[in-house]
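Summary of the model geometry
One-letter residues, chain by chain:
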Amino acid sequence: MNELVGELSIKVPQFHTWWASHRVDQCAHGTQRLRHPVVGELTLSYETPALPADPDQTICLYTAEPGSASAETLRLLVVKGFQQLDEPLNEGRRAP
């Protein structure tokens, strides 16, 4: 285990920070701060419901507090995503 942690610390620059902050545990529920390259920081609540029919799969659900800055930021991401989908059509190309 120590060898693996050492190797990951060398090869993955962010790993040492993640390991030191104990962010390598299984996702269950809580709050997480993320930095999106386009819209900046988001604070989201997350929850991982159990999937009894397929315990080998995991799904994490992320939500923003209604009315929060993060909720507005998520709305901006949706608009940005739709704009990107429309761009090829506006340029005379067919959508994928």
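Our subject is the structure that appears above.
Described below are features of the structure shown in this document. Values in this document were obtained by computation on a predicted structure and should not be read as measured data. (Residues numbered from 1 in each chain as written. Predicted model: local features only at pLDDT ≥ 70, side-chain atom pairs only at ≥ 80, totals over all residues. Heavy atoms only, no water.)

Before going further, it helps to examine the pattern of salt bridges. Following the criterion strictly, the structure yields four salt bridges and no others. Across the pair R35 and E41 runs a salt bridge, and its minimum N-O distance is 2.9 Å. A salt bridge links E72 to R75; the shortest N-O distance between them is 3.2 Å. Here E72 pairs with R75, and both are found in helix α3 (residues 69–90), just three residues apart, close to one helical turn. (Salt bridge = Lys/Arg side-chain N within 4 Å of Asp/Glu carboxyl O. Helix = DSSP H or I, 4+ residues; strand = E, 2+ residues; numbered from the N terminus.)

In the sheet, strand β1 (residues 29–36) pairs with strand β2 (residues 40–47) via eight bridges, with the strands oriented antiparallel. In the strand pairing of β2, H29 is matched with E47. Taking the residues that link successive antiparallel strands as the turn, the β1-β2 hairpin has three residues. (Pairing = 2+ DSSP bridges.)

This part takes up the sheet that holds β2. Judged by pairing direction, the sheet is antiparallel, and its three strands sit side by side in the order β1-β2-β3 without closing on themselves. Single-partner strands in this sheet number two, and they are β1 and β3 (61–63). Adjacent strand axes in the sheet meet at a mean angle of 40°, parallel and antiparallel pairs treated alike. Relative to β3, β2 is paired through three bridges, and the arrangement is antiparallel. In the strand pairing of β3, S45 is matched with T63. (Axes fitted to C-alpha atoms, helices over the stretch in contact; angles between N-to-C directions.)

A separate point is the packing of aromatic side chains. Taken as a whole, this structure holds one aromatic pair when the rule is applied. Here Y46 and Y62 contribute two aromatic rings whose centre-to-centre distance is 5.9 Å and whose plane-to-plane angle is 40°, an arrangement assigned as tilted. Of this pair, Y46 sits in strand β2 while Y62 sits in strand β3, and the two are 16 residues apart along the sequence. Judged by its relative accessible area of 38%, Y62 falls in the partly exposed class. (Phe/Tyr/Trp six-rings, centres within 6.5 Å; stacked < 30°, edge-to-face > 60°. Buried < 20%, exposed > 50% of the residue type's maximum accessible area, 1.4 Å probe, protein only.)

Residues M1, L4 and W19 make up a contiguous nonpolar surface patch of about 350 Å² in total accessible area. You can see M1 is positioned in the segment before α1 (2–11). (Patch = residues over 30% accessible without salt bridge, like charges linked within 9 Å, V, L, I, M, F, W, Y side chains within 5 Å. Areas by Shrake-Rupley, 256 points an atom, 1.4 Å probe, with all protein chains shown as cover.)

Turning next to the environment of T73. Note that T73 resides in helix α3. Residues T73 and H36 lie 37 residues apart in sequence; the distance between their C-alpha atoms is 9.8 Å. Contact partners of T73, with chain neighbours within four places excluded, come to V39 and L42. A polar atom in the side chain of T73 sits 2.9 Å from the backbone oxygen of A69. (Contact = heavy atoms within 4.5 Å. Polar contact = N/O pair within 3.5 Å; in protein donor to acceptor, adjacent residues only side chain to side chain.)

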